[in-house]
Every structure is written in C-alpha cells, then in structure tokens.
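Topology and contacts: notes
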There are 2 protein chains.
Amino acid sequence: MQANNVIIDGLQYINWDKKTFEKTRDSGINAVHVTIAYWENFSEVIDNINQWNQHFREFDDLIVHALTAEDILEAKRQNKVGIVFGFQNCSPIEDSIANIETLHKLGVRIMQLSYNNQSLLATGCYEDKDSGITRFGKQAIKEMNRVGMVIDMSHSAEQSTLEAIELSERPIAITHANPSFFHDALRNKSDKVLRALGDSGGILGFSMYPFHLKNGSNCTLDEFCQMIAKTVDILSIDQVALGSDLCENWDYSKLEWMRSGRWTFSADYGEGSAKNKEWPKQPSWFKGAEDIFNVADGLRKVGFKEVDVNKVMGGNWLKFFDYSFGPVR
Amino acid sequence: MQANNVIIDGLQYINWDKKTFEKTRDSGINAVHVTIAYWENFSEVIDNINQWNQHFREFDDLIVHALTAEDILEAKRQNKVGIVFGFQNCSPIEDSIANIETLHKLGVRIMQLSYNNQSLLATGCYEDKDSGITRFGKQAIKEMNRVGMVIDMSHSAEQSTLEAIELSERPIAITHANPSFFHDALRNKSDKVLRALGDSGGILGFSMYPFHLKNGSNCTLDEFCQMIAKTVDILSIDQVALGSDLCENWDYSKLEWMRSGRWTFSADYGEGSAKNKEWPKQPSWFKGAEDIFNVADGLRKVGFKEVDVNKVMGGNWLKFFDYSFGPVR
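Cut-offs used in this document
Residues numbered from 1 in each chain as written. Chains lettered and ligands numbered in written order. Predicted model: local features only at pLDDT ≥ 70, side-chain atom pairs only at ≥ 80, totals over all residues. Heavy atoms only, no water. Helix = DSSP H or I, 4+ residues; strand = E, 2+ residues; numbered from the N terminus. Rg over C-alpha atoms; globule rule 2.2 N^0.38 Å. Buried < 20%, exposed > 50% of the residue type's maximum accessible area, 1.4 Å probe, protein only. Contact = heavy atoms within 4.5 Å. Areas by Shrake-Rupley, 256 points an atom, 1.4 Å probe, with all protein chains shown as cover. Lys, Arg positive; Asp, Glu negative; His and termini not counted. Charge placed at Lys NZ, Arg CZ, Asp CG, Glu CD. Buried area = accessible area lost by both parts, 1.4 Å probe. Salt bridge = Lys/Arg side-chain N within 4 Å of Asp/Glu carboxyl O. Polar contact = N/O pair within 3.5 Å; in protein donor to acceptor, adjacent residues only side chain to side chain. Least-squares fit on C-alpha atoms with pLDDT ≥ 70 in both. Axes fitted to C-alpha atoms, helices over the stretch in contact; angles between N-to-C directions. Parallel < 35°, antiparallel > 145°, perpendicular 65-115°, else oblique. Nonpolar A, V, L, I, M, F, W, Y, C, P; charged D, E, K, R; others polar. Pairing = 2+ DSSP bridges. Right-handed = clockwise from strand over helix to strand, strands pointing away.

Looking only at helices and strands, chain A features 11 helices and 10 strands. Whereas a compact globule of 329 residues would reach a radius of gyration of roughly 20 Å, chain A reaches 18 Å, a difference of no more than 12%. Projecting the C-alpha coordinates of chain A onto the three principal axes gives extents of approximately 45 × 40 × 40 Å. Of all 329 residues assigned to chain A, the portion counted as buried reaches 63%. A separation of at least 24 residues holds for 71% of the contacts in chain A among residues at least 6 apart in sequence. About 12,300 Å² of surface is accessible on chain A, with carbon and sulfur atoms providing 48% of the total. Computed over 35 positive and 45 negative side-chain charges, the separation of the two mean positions in chain A equals 2 Å.

Tallying the contact residues gives 33 residues for chain A and 32 residues for chain B. Between chain A and chain B lies a buried interface of about 2,800 Å² when both sides are counted; carbon and sulfur atoms form 47% of it. Between B:K138 and A:D128 there is a salt bridge whose closest N-O contact spans 3.1 Å. If you look at where chain A meets chain B, you find 17 residue pairs in polar contact (both at pLDDT 80 or more).

For the rest of this paragraph, the subject is unusual backbone geometry. Positive phi is not limited to glycine here, since A:N215 has a value of about 65°. Inspection of the secondary structure puts A:N215 in the loop between β8 (203-206) and α8 (221-232). Positive phi, normally seen in glycine, also occurs at B:N79, with a value near 55°. Here B:N79 lies in the loop between α3 (69-77) and β4 (81-87). You can call B:N79 partly exposed: its relative accessible area is 46%.

Least-squares fitting of chain A to chain B yields an RMSD of 0.0 Å, with the superposition described by an axial translation of 0.0 Å and a rotation of 180°. This pairing of chains is accounted for by a two-fold axis. If distances are taken from each C-alpha of chain A to the rotation axis, the shortest is found for A:S131, at 2.5 Å. Here 97% of the interface residues in chain A have copies in chain B that are interface residues too; the copies meet face to matching face.

This part covers the packing of helix α2 (residues 42-58) of chain A against helix α4 (residues 98-105) of chain A. All names here are of chain A. Taken N-terminus to C-terminus, the directions of α2 and α4 make an angle of 5°; their axes are 12 Å apart at the nearest point. Judged on the interaxial angle alone, α4 and α2 are roughly parallel. Of the residues in α4, those touching α2 at F42, V45, I46 and I49 are N99, T102 and L103. Residue classes in the contact of α2 with α4 are distributed as 5 nonpolar, 2 polar and no charged.

Pairing between side chains of opposite charge can happen when their charged atoms approach one another. Scanning all chains against the criterion turns up 40 salt bridges over all chains. A salt bridge links B:D291 to B:K287; the nearest nitrogen and oxygen atoms lie 3.9 Å apart. With a relative accessible area of 12%, B:D291 lands in the buried category. Using a relative accessible area of 51% as the deciding quantity, one classes B:K287 as exposed. Within the structure, one salt-bridge network assembled from shared partners comprises A:E101, A:K105, A:E143 and A:R146.

Time to look at the pairing of strand β1 (residues 8-14) of chain A. Residue and element names in this part refer to chain A. For β1, the tally of buried residues reaches 7 of 7 residues, placing the bulk of the element in the interior. The sheet contact formed by β1 and strand β2 (residues 31-37) spans 3 bridges and is parallel. Residue pairing for β2: I8 is matched across the bridge by A31. In terms of handedness, the path from β1 via helix α1 (residues 18-27) over to β2 forms a crossover that is right-handed.

Time to look at the environment of A:I46. Residue and element names in this part refer to chain A. Among the secondary structure elements, I46 is positioned in helix α2. Counting along the chain gives 60 residues from I46 to L106, while the straight-line C-alpha distance between them is 8.9 Å. Setting aside chain neighbours within four positions, we find I46 in contact with L103 and L106.

Residue and element names in this part refer to chain B. Within β4, 7 of the 7 residues are buried, which leaves the element mostly enclosed by the surrounding structure. Of the two faces of β4, both are covered, the one formed by V81, I83, F85 and F87 as well as the one formed by G82, V84 and G86. With 6 bridges connecting them, strand β2 (residues 31-37) and β4 associate as parallel partners. Counted as the bridge partner of A37 is F87 from β4. One ladder, built from 3 bridges, connects strand β3 (residues 63-65) with β4; its direction is parallel. Looking at β4, one finds that H65 is bridged to I83. Viewed along the sheet, the connection from β3 through α3 into β4 turns out right-handed. Examined bridge by bridge, β4 and strand β5 (residues 108-112) share 3 bridges and lie parallel to one another. Within the sheet, the bridge partner assigned to F85 lies in β5 and is V108.

This is the structure we're talking about:
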C-alpha cells in the first residue's frame, strides 16, 4: 500500500451538506473518519446510516463510502472524499455481541468502547472510578478483532484503555486526543497509555479541539507541532496522525446531546463549564478543513522531513486502516 | 397499615399460566414480586407488560396487578394474588433517565441496578472489578427515589451495593439473596453489606434457590431458618423477609437467556458450571409455592414468636412496599 501523499483526518463531526462536502473536497483532504453515533441505539444508528447512504447517492461527485484503505486511494484518484464510518460510543450495538458483525457489514469500521460515561463495555473518562473492560467488553473486543472493526479509546478512562490495548489482539487507535503532558485534560492520555499504545502497534490522532490544547483556542501552531514531535519520541513516526475533532455547522443543542444524551435531567457541561458551555473557538491556524495544510507547514518548521510529514498527514492512517479494516489477511 | 398475616414472596420467576396462578393462589401466598425483565430493552419489556395485562384480563378471578401495598391487602380480601412488577436489570430503561417515570406509570415498582454484569448504572456480582455507581447511576437513583421505584441490588457487586445504599435517600431492597456467612456464593451478601442495609432501613429477602444455599439442594429447613435467626441479629426483625427466587415451568433455554442474554457467543454458566448447568433441584421442604408454610413452621421451630413469623412471611414486605411504592408521602 503506497501512501501517495494521502491526507486523512482521523475524526470530524460536521453537520454535513453540499457546502461542507465541497469545502472538504477542495481542502485536499482525501478521507475523513466521521462520527455517526454518540448515544444512538441500534435503530437510531440505522437512521443515520440511511441518511449517509442518501448523501452518497446525492453527492456522488464529492464523496464515497470508504470500506477499505484502497477505497480511500480510489477516492483520491477521483478527487472525492472517502468517508469512514465510526461510533464514538458502543451504544449502537446495545447489549448484543451479534450487532458488531451486522454493523460492520453496514460499513462501520471504528467504534469507541465508551464515551465519557460507563458503557456496557468499558469506563469513560469522566467517571470517578474505572473498572476496566467488562465481561461483555472482553467478548466485544474479540468480535471486533475478528470482523475487523477498530477499537477506539479516545473518550475512555485510563485503566479501561490499558486493558483494551492488552486484550485486543490487533492494534487499537486513539483517533482524537492529545498527550496529558501537553494539556492535562481528563480526555487526554498519560505517558503510560501512550507507551502501551506505542508498544502494541497502535496509533494516535492529534486533536485540534480547543479543550484538548494547551491554552485552548490560543494554542499556537508551533506549540501543537512541538507536541507532535515530542510524542513521536514516545510512540514512533509511524504511529502518529491527525484526528482534528473538527466540529462544524452545529448549534448548541447538538453539544447538549453530545454531553448529556438522555442520561441526565440536569445539564452536564463535559469539558466546558456553566460559564463556558458553548462550542469553543477554533485556533486561528485551523479554523476548518481548509487549513489542514497549515499543519503540514508547521511540522516542516519544527523539523519534520517531508516523508514524515506525509506519514502524519495521512500515510499512517492509510496503513493502519489497510491492516485493520476487515478480517486479518 | 395492618399486616393481617399477609404472605408475600419477594421474588419468583415462573412461566405463568392458569395452573401456576391457581397453585399460587391456593398456596396462601397473597402477593408475588414477579420478574418481567432480565436483558429486555424498552420495547421488549413493553411486550412483557402487555402480556401481563392480558393475564390480568384473562385470569381476573386469580390475580390482580398490585401497584400499592393496599392493592395487596385488597387482593387478599378477594382471595387473589397481587402481582408486583420488577426488573432484575436496568436494561429496560436503556440509556434514558426519563424511562424510569414512564415504566413506573406502567406499574413497575422494583428495579435492580445491574444483573451479574456491568450495566450503565452499576457493577454486577460476576465482574472482576466493581467501580460502584456510575454517573448515570447517580441520576437514576435520584429519579427512582422521586417516583418511588425500589432499588434492588440482589445481583449487584459489593461496592456498587454499598454506594447505592449510601446514595439512595430511601431504603433499598435486596429482594433475593442470602448472607455470605451462610453460603459464600458471589451472589450472596457480606456482613458489611448486611449491616449497611440494616442501618439504612433496607430489607433482605431470603432466597431458596439452591445455588444460594449451604449444601445446595440438600440444605435443610432447620439450617435455612437458623440462618434467618442469625441474620435478624445483623439487620432486625423488621427488615427480613422471603424472596424465594422460585423458578418454575421453564426449560433450559430460558436459563441460557438469563445467563448469557445477547452479550456472549460462548456459553456462560452463571452460578452453575459446564457439568452442572441445568436448573437446580429445589430443596425438599420448598418444592414450590405450595410449601411456603413449611418456612413458617421452620421459623417457629427455631424459636420465632408468632408475631415475628408473620413479619418474615410478608408483614415486613407489606410495610416496606407501603412506604416505598410511589412518591414520599
């Protein structure tokens, strides 16, 4: 699998329409891992998949459903954006191990085992205590390994993440988070997690969501790229990538859904607070997909060689997707 | 609320039909807490409720839906069995706090926060680690307290049980389990849990399911009643009752459902084992509802006064239900 300077964003959450598809295609991004579930149950996620299938029919000059890494290369050749389906939670499988294969057949390639809260599979990063991977979680990891659905621990708690890395027979991903040494948010990852991820062949996508950045929206491109350089020393140049966590075109009610789902009557502010509850302002050097090449420039400025810039910008995701999507070849 | 020698079984799981309703009514039992969910989701539990409503129409000379303690007394006066709806798991509320009130309106009065496995609310007794009550669990306890749905921790793990007792502003129940000092099964409860339950005004229903008994199916009535006497010293004579866990009229496939739900492709044997996987044989002195008064005789033989026998046989449940079902009066 040749990387061919492919550009991949390992996580975006956008209220997609013709305009945002065009903007993304024109940005030079060749594939995006899109979120199709936060708290959705099985039938709700089917609705979301059906809506995406409508997008694929309607905007077939702009996007294509990417089921394999090869599909992403083909999307690039056709000047389209490959769309990789992912869940930020395991809620769509509900309590059924069999739903993993079914949803894989419908094109889902990445699933987080928990989203902030305790799930049936693992603990989320906002819980007080973390009991690791549950009995059902152990079965689910085996099944995800079998069918080739990537385990993503971006919003999971530390012990659960370490156990997922240990239990999974295939490398896992943290599609969108930063190291805690850069910014000590609950969502970011400790050196211990990064080392375990690195040793197991896993991959980290760096987030540009302000709550994950040092100095939030004021984080500089240089600081961001220095962080990447430092993280390469813990993982390796083949295991770091981008997962911008770009959220666009949504009103506040969507943020409330992401934070509170249906599990609480009272407001939960997640990474924000009662006084700072709105969507955060993007950093000036990454206002949206159109700025993706600023990151490549930043990487060059902090000393990355061209071959390594290409790895971070998409080459590493492409390789990871190639050996992770579908059964072991 | 006068106890009136009412007889209440705090947990049965029976494949109900005319014959079993008649047998129960003729046994002298005035009310039964019946299980209408193990792993069922919301819509599946609605099907079960609809089926019960059909039973209530069809067998209105034998049974009645009991929503209050008063309904149980009225059932006794009419020589019918009051049926109290309960869930052994929180699966029917799915991920929605609002479903608690909705299901209470449909007559559900008791809900376990977890069944053997980790749930969205609490840890089950068969998990390796127990992280206690989750973020969603804390909200759910508040809501159950508000609407008057009893928190039942029969199949929950120790730390989760202690936290539920602590967090709940109303006394909780362990509808069907025995003390670990009697038989050290994962499902039974430590002295620490029993003391916390007692101090908080909670109640314990003693199980006659062989896996919870010393010497299993060979446990004697005297041993069982001595255990009750010893437990009275930890809780109090007003906080002990019966929760027979009588399972009747089911084939093995139902036991597989109870144990494995949809969460594993491989067989899980729960309290049994690969070599001992079938429904266990009931003890000779409690083969079914028809033997319920054997327990009263056994209690007298180990020295219980008549007034205390009445409390254990149903008076305590009646009082507990009276102040637990519905909003605080």
